[in-house]
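Commentary on secondary and tertiary structure
Spelled out, the chains give:
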Amino acid sequence: EPEVTQTPSHQVTQMGQEVILRCVPISNHLYFYWYRQILGQKVEFLVSFYNNEISEKSEIFDDQFSVERPDGSNFTLKIRSTKLEDSAMYFCASSEGGSSVGYTFGSGTRLTVV
Amino acid sequence: QKEVEQDPGPLSVPEGAIVSLNCTYSNSAFQYFMWYRQYSRKGPELLMYTYSSGNKEDGRFTAQVDKSSKYISLFIRDSQPSDSATYLCAMSVGNEKLTFGTGTRLTIIP
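The notes below deal with the structure included here. (Residues numbered from 1 in each chain as written. Chains lettered and ligands numbered in written order. Predicted model: local features only at pLDDT ≥ 70, side-chain atom pairs only at ≥ 80, totals over all residues. Heavy atoms only, no water.)

**Some points on the packing of aromatic side chains**
- Enumeration over the complete set of coordinates arrives at 19 aromatic pairs over all chains.
- On the basis of an interplanar angle of 70 degrees and a centroid distance of 5.8 Å, the ring pair of Tyr35(A) and Phe105(A) is categorised as edge-to-face. Of this pair, Tyr35(A) sits in strand β4 (residues 31-37) while Phe105(A) sits in strand β10 (residues 104-105); the two residues are 70 residues apart in sequence, bridging distant segments of the chain.
- The class of Phe105(A) is buried, set by a relative accessible area of 8%.
- Within the aromatic cluster, the residues linked to one another by ring pairs are Tyr33(A), Tyr35(A), Phe45(A), Phe91(A), Tyr103(A), Phe105(A), Tyr36(B) and Phe100(B). (Phe/Tyr/Trp six-rings, centres within 6.5 Å; stacked < 30°, edge-to-face > 60°. Helix = DSSP H or I, 4+ residues; strand = E, 2+ residues; numbered from the N terminus. Buried < 20%, exposed > 50% of the residue type's maximum accessible area, 1.4 Å probe, protein only.)

**So, the sheet that holds strand β6 (residues 54-58) of chain B**
Residue and element names in this part refer to chain B.
- Pairing in this open sheet of five strands is antiparallel, and the strands run β1-β3-β8-β7-β6 from one edge to the other. Unpaired on one side and paired on the other, β1 (4-6) and β6 mark the two borders of the sheet. Each strand of the sheet is rotated relative to its neighbour by a mean of 15 degrees, with strand direction disregarded. (Pairing = 2+ DSSP bridges. Axes fitted to C-alpha atoms, helices over the stretch in contact; angles between N-to-C directions.)

**Here we look at the pattern of salt bridges**
- On inspection of all chains with the given rule, the structure shows five salt bridges over all chains.
- A salt bridge links Asp86(A) to Arg36(A), with the nearest nitrogen and oxygen atoms 4.0 Å apart. Remark: Arg36(A) occurs in strand β4 and Asp86(A) occurs in the loop between β8 (75-79) and β9 (88-95); sequence separation between them is 50 residues. As far as burial versus exposure is concerned, Asp86(A) and Arg36(A) are alike and both buried.
- With its nearest N and O atoms 3.5 Å apart, the salt bridge here joins Glu57(B) to Arg77(B). A residue pair is termed long-range when its members are at least 10 positions apart, and Glu57(B) in strand β6 and Arg77(B) in the loop between β8 (71-76) and β9 (85-92) qualify at 20 residues.
- One continuous salt-bridge network, built from bridges that share partners, spans Arg36(A), Glu44(A) and Asp86(A). (Salt bridge = Lys/Arg side-chain N within 4 Å of Asp/Glu carboxyl O.)

**Details of the state of the cysteines**
- Going through the model one piece at a time under the given rule, you end up with two disulfides over all chains.
- The residue that forms a disulfide with Cys23(A) is Cys92(A), at a sulfur-sulfur distance of 1.9 Å. With the S-S dihedral at roughly -65 degrees, the linkage between Cys23(A) and Cys92(A) falls on the left-handed side. One end of the pair, Cys23(A), is in strand β3 (residues 19-24); the other, Cys92(A), is in strand β9, with 69 residues separating them in the sequence.
- Residue Cys92(A) is classed as buried on the basis of its relative accessible area of 0%.
- Through a disulfide, Cys23(B) is tied to Cys89(B); the S-S separation comes to 2.0 Å. Residues Cys23(B) and Cys89(B) are joined through a disulfide that is left-handed, its torsion about the S-S bond being -100 degrees. Placement of Cys23(B) in strand β3 (residues 19-25) and of Cys89(B) in strand β9 is noted, with a sequence separation of 66 residues between them. One exposure class covers both Cys23(B) and Cys89(B), and it is buried. (Disulfide = S-S within 2.5 Å.)

**Considerations on the environment of Arg37(B)**
Residue and element names in this part refer to chain B.
- By the secondary structure assignment, arginine 37 is in strand β4 (residues 32-38).
- Since its relative accessible area comes to 13%, arginine 37 is described here as buried.
- Spatially, the C-alpha atoms of arginine 37 and threonine 86 are 5.8 Å apart, while their sequence positions differ by 49 residues.
- Ignoring any residue separated from it by four or fewer positions in sequence, one finds arginine 37 in contact with Gly43, Pro44, Glu45, Leu47, Phe61, Asp83, Ala85, Thr86 and Tyr87.
- A distance of 3.4 Å separates polar atoms of two side chains, one belonging to arginine 37 and the other to tyrosine 39. (Contact = heavy atoms within 4.5 Å. Polar contact = N/O pair within 3.5 Å; in protein donor to acceptor, adjacent residues only side chain to side chain.)

**Some thoughts on unusual backbone geometry**
- Cis geometry is found at the peptide bond from Thr7(A) to Pro8(A), where omega equals -10 degrees.
- In this fold, Pro8(A) is placed in the loop between β1 (5-7) and β2 (10-13).
- Across the junction of Gly9(B) and Pro10(B), the peptide omega takes the value 10 degrees, indicating a cis bond.
- Looking at the element boundaries, Pro10(B) is found in the loop between β1 and β2 (11-14).
- With a phi angle near 55 degrees, Asn51(A) is a residue other than glycine that sits in the positive phi range.
- A residue is classified by how much of its surface remains accessible, and Asn51(A), at 58% relative accessible area, is exposed.

As C-alpha cells, then:
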C-alpha cells in the first residue's frame, strides 16, 4: 500500500537553529499538508499546499515557517529559528482529493528543541 | 466552547464488546467527517470518512453523523486487542483544513 515517508524520524536541535523536515508524499496525490502534535495535545493544522502554492495556513504558521516542493517528489517544512515551544511531532500528509476524502499521514518527525 | 470536543478517556472494554466513540462540534459549516486511528508515536490512519447525516459501515466499523445535533459517532463491533489505540475524530468545511478532536484512548482487554 502506498505510504507517505518522513525523514528523519527524530531530530534534536538547539534553540535558534534552522531545521528542515522532509516528506515524500504519495506519488499521484495533489494536496499536501503539515500538521503537528505537541505531546498530549491534539493534532493541529499548520499549512496546506496545492498546485505549487500555499492554499491555507494557520496562525501557528508564521514567518519562521516555510514549505517547499523542490522537485516532483519531496515536500519540506523549514523552521528558520527554532524555539522550545516548537518541540512536537510533525506530520506530513497527502491526499488525492483534499480534506473531503481524508489524508494519508506519514509516521511523523519528532522534533526536540533544547 | 471548543470547535470539536471529544472525551479523552481512557476507555477500557473487554474483547468482543461493542465500542462507542463520540464527538460533538460547534461549527455548523462542517461538512466532511472522519475517524482516524493513531497508535502510539505513529501518524493518524484514516478509518472512515462520511459526508452528511446518516450511517456508513465498513466491516466492524460504523460511522454515524447527526448534523442536526452536531454529533458524530464511531462504533466498533466485536472489538479486538489490536483495536487498542487512540481514536481521533476530524472534520472539515469543504477542502479546508481538518480540525481534530483531542482523541479518545481505547484499550481492549483480552
